[in-house]
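For reference, the chains in residue letters:
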Amino acid sequence: MLSFCKPVSSKKRYIPFREINTEFMFTLFEKASRVNKEEWASITNHETTFLEIDFLKVLESIENTNLLSRYVVVYQNQIPCGVIYFQIVDFKAEVFGSILADKVETIKSAKVHLFEKYIDVHKNGTILRLFTCGNNLVSGDYGFKFSNTLSQECQLELVLKITEVIAKEEKLSRTISAILIKDFEQPLQPNDLIKKEKYIQFFVEPNLVVDLPENITGIEEYIHLFSKKYRNRAKSIFKKGSAITQQLLNLSDIERLEEDIYTLYDNIYQRAKFKLIKLPKHYFSDVKKLYPEHFVMKGFFLEGKLVAFNSCFTLHNNVLEAHYIGLDYRLNTQYELYQNILYCMISIAIEHKKQKVNLGRTAAEIKTTVGAKPQDLTCYLKPQNTLSKIIQKPFVNFLKPGEWVARNPFKEE
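Owing to the predicted nature of the structure, the values given are computational and were not obtained by experimental measurement. (Residues numbered from 1 in each chain as written. Predicted model: local features only at pLDDT ≥ 70, side-chain atom pairs only at ≥ 80, totals over all residues. Heavy atoms only, no water.)

Remarks on the pattern of salt bridges
Phase 1 of the analysis: Taken as a whole, this structure holds 21 salt bridges when the rule is applied.
Phase 2 of the analysis: Two residues, Glu170 and Arg70, come together in a salt bridge whose shortest N-O distance is 2.8 Å. Within this pair, whereas Glu170 is found in helix α5 (residues 152-171), its partner Arg70 is found in strand β3 (residues 67-76), the two being separated by 100 residues in sequence. Considered together, Glu170 and Arg70 belong to a single accessibility category, that of buried residues. (Salt bridge = Lys/Arg side-chain N within 4 Å of Asp/Glu carboxyl O. Helix = DSSP H or I, 4+ residues; strand = E, 2+ residues; numbered from the N terminus. Buried < 20%, exposed > 50% of the residue type's maximum accessible area, 1.4 Å probe, protein only.)

Below, the structure is given as structure tokens:
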């Protein structure tokens, strides 16, 4: 077992090379600009957009938000061996009012009823401060990465203990209500370490991933792999969307259409199950400036007016990472905007010779009709105070996936 340093006062927590033991040490950074990019990249190997320092800088620059970031570089014998990314997010009381509304009848607890009254009085106040190892804005395990020379057990022990130390240090200046470590396709091992640290394990909505066969040259070939029922369904979707013109958006287009893009994005945001952080208007242009070739946005126009858009990253490996979308729901059914957005994502991936399309969470059943398959995601939660213990069960139940039916559009083998 590793021995770990104790939490320190806020003045000392950013001192470089804090010693864990004779072998390991770490440095904590409050700002991405202070992180040594070469050290960070030596571990991430530029394998994923969402753990890139430059991308994390964009998130950090979002103003008027309840999001804070922390960055850790871990050293083994003074050589970088791992990186860890944390987010601190505040949740307003009114968010939990809606969660408890559906659960309070089945949770016969005086504490819960007192909590409801507390929410009514403090609707606009912060009631839960979540300390997350990972990125709350995207699906996937983008919280840490280590050198393959370290065993899985050593990696997990380092993550759990460093998370504990930094979370306690955050408590010195602000209350941390709960610790969340997210989103893993395979449960973290060894499980005994998780249990020892008193985390509860739960599942959230699955990630939806399309596996593209080799040598596919276009969306027509992809659709040809479907059964007759789903080929006809796809053709109907394309026909309904035939009045829509699709256009790649360059930086000047994105800046010119900023108001329309934001309105369409807001349509999606307002319908979100759990409203976390609202992006600023300049977010899409900022990301396009950062990744001019590898951040792809397509606009969907009806009679010259933007009615939908999608965005994705083509930067790393063989995976296309779907990002934010927007659409006019009033036109969605008539023109099958959402379904055409999904097929457009697949088409972009084929064009860029990707092998997978990561479509993210939400709308799981619809995404399976275009060939996506669900990947279960495991999270770990550790309450830190009385209020978070009260809300723990309904909060976890709220995040768990609802019932849905997976579809298989492909021909039977």
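A short note on the packing of helix α2 (residues 53-60) against helix α11 (residues 283-290)
Phase 1 of the analysis: Contact pair α2 / α11: the axes reach a minimum separation of 11 Å and the direction vectors enclose 160°. If you check the angle between α2 and α11, you find them roughly antiparallel. Where α2 crosses over α11, the two elements pack in a sense that is right-handed. Packed against α2, whose contacting residues are Asp54, Phe55, Val58 and Leu59, the element α11 presents Tyr283, Asp286, Val287 and Leu290 at the interface.
Phase 2 of the analysis: Grouping the constituent residues of the contact of α2 with α11 by class yields six nonpolar, no polar and two charged. (Axes fitted to C-alpha atoms, helices over the stretch in contact; angles between N-to-C directions. Parallel < 35°, antiparallel > 145°, perpendicular 65-115°, else oblique. Left-handed = near helix turned anticlockwise from the far one by under 90°. Contact = heavy atoms within 4.5 Å. Nonpolar A, V, L, I, M, F, W, Y, C, P; charged D, E, K, R; others polar.)

Some remarks on the pairing of strand β15 (residues 372-383)
Phase 1 of the analysis: As paired strands, strand β7 (residues 178-184) and β15 are joined by five bridges and run antiparallel to one another. Within β15, the residue paired with Ile181 across the bridge is Tyr380.
Phase 2 of the analysis: Judged from the nine bridges that link them, strand β8 (residues 200-211) and β15 form a sheet pairing that is antiparallel. Across the sheet, Phe202 pairs through a bridge with Cys379, a residue of β15. (Pairing = 2+ DSSP bridges.)

A short note on helix α13 (residues 337-351)
Phase 1 of the analysis: Counted at 1.5 Å a residue, the expected span for α13 with its 15 residues is 21 Å, and the 21 Å between its end C-alpha atoms agrees.
Phase 2 of the analysis: Burial of α13 is extensive: 13 of the 15 residues sit out of reach of the surface. (Expected span 1.5 Å × (residues − 1).)

Points about the pairing of strand β2 (residues 24-29)
Phase 1 of the analysis: For β2, the tally of buried residues reaches six of six residues, placing the bulk of the element in the interior.
Phase 2 of the analysis: In terms of strand pairing, strand β1 (residues 18-19) meets β2 through two bridges, oriented antiparallel. In the strand pairing of β2, Arg18 is matched with Phe26.
Phase 3 of the analysis: The turn joining β1 and β2, which pair antiparallel and follow one another in sequence, is formed by four residues.
Phase 4 of the analysis: Sheet analysis places β2 next to β3, joined by six bridges and oriented antiparallel. Its bridge partner lying in β3, Phe29 is registered against Tyr71.

Focus on the packing of aromatic side chains
Phase 1 of the analysis: Inspection of every chain in the model, using the stated rule, returns 25 aromatic pairs.
Phase 2 of the analysis: Their ring planes at 45° and their centres at 5.1 Å tell us that Phe295 and Phe313 sit as a pair that is tilted. Placement of the pair is Phe295 in strand β10 (residues 295-302) and Phe313 in strand β11 (residues 305-313), with a sequence separation of 18 residues. You'll find Phe295 and Phe313 in the same group, each marked buried.
Phase 3 of the analysis: Clustering of aromatic rings is evident, with ring pairs tying together Tyr262, Tyr265, Tyr269, Tyr283, Phe284, Phe309 and Tyr324.
Phase 4 of the analysis: If you follow Arg271 out to its NZ or CZ, it ends over the ring of Tyr329, 3.6 Å from the centre. (Phe/Tyr/Trp six-rings, centres within 6.5 Å; stacked < 30°, edge-to-face > 60°. Lys NZ or Arg CZ within 6 Å of the ring centre and 35° of its normal.)

What about the state of the cysteines?
Phase 1 of the analysis: In this structure the tally under the stated criterion is zero disulfides.
Phase 2 of the analysis: There is no disulfide at Cys312, and the cysteine sulfur nearest it, in Cys344, is 7.6 Å away.
Phase 3 of the analysis: On the accessibility criterion, Cys312 (0% relative accessible area) is buried. (Disulfide = S-S within 2.5 Å.)

Examining the packing of helix α8 (residues 228-240) against α13
Phase 1 of the analysis: Running from amino to carboxyl end, α8 crosses α13 at an angle of 110°, the nearest separation of the two axes being 9 Å. The orientation of α8 relative to α13 falls into the category roughly perpendicular. Judged by residue contacts, Arg233, Ala234, Ile237 and Phe238 of α8 engage Gln339, Asn340 and Tyr343 from α13.
Phase 2 of the analysis: Classifying every residue of the contact of α8 with α13 by side-chain character gives four nonpolar, two polar and one charged.

Things to note about the side chain of Lys288
Phase 1 of the analysis: Mapping Lys288 onto the fold places it in helix α11.
Phase 2 of the analysis: An unpaired buried charge is present at Lys288: no salt bridge exists, and Glu293, the closest side chain of opposite charge, is 6.8 Å distant.
Phase 3 of the analysis: Separated by 3.0 Å, the side chain of Lys288 and the backbone oxygen of Pro292 make a polar contact.
Phase 4 of the analysis: Apart from the residues within four sequence positions on either side, Lys288 is in contact with Leu249, Asn250, Leu251, Ile254 and Phe295. (Lys, Arg positive; Asp, Glu negative; His and termini not counted. Polar contact = N/O pair within 3.5 Å; in protein donor to acceptor, adjacent residues only side chain to side chain.)

Details of the confidence of the model for the chain
Phase 1 of the analysis: Per-residue confidence for the chain gives a mean pLDDT of 87; residues scoring 70 or more make up 86%.
Phase 2 of the analysis: In this model, residues 103-108 is a region of pLDDT below 50 whose contacts with residues beyond four sequence positions or in other chains number seven contacts. (pLDDT = per-residue confidence, 0-100.)

Description of the side chain of Asn136
Phase 1 of the analysis: Tracing the backbone shows Asn136 in the loop between β5 (126-133) and β6 (144-146).
Phase 2 of the analysis: Look past the residues within four positions of Asn136 in its chain and what remains in contact with it is Gln87, Val89, Leu130, Leu180, Lys182 and Leu276.

Some thoughts on helix α1 (residues 37-44)
Phase 1 of the analysis: Those residues of α1 that sit buried are Trp40, Ala41, Ile43 and Thr44. Taken down its axis, α1 places every buried residue within 160° of arc, on the same side.
Phase 2 of the analysis: Its side-chain oxygen 3.0 Å from the backbone nitrogen of Glu38, Asn36 forms the N-cap of α1.
Phase 3 of the analysis: Two residues or fewer after α1 comes Asn45, characterised by a positive phi angle close to 55°. (Arc of directions from axis to C-beta.)

Things to note about the environment of Ser177
Phase 1 of the analysis: Relative to the helices and strands, Ser177 is located in the loop between α5 and β7.
Phase 2 of the analysis: Taking relative accessible area as the criterion, Ser177 reaches 4% and is therefore assigned buried.
Phase 3 of the analysis: The sequence separation of Ser177 and Gln384 amounts to 207 residues, and the corresponding C-alpha distance is 4.9 Å.

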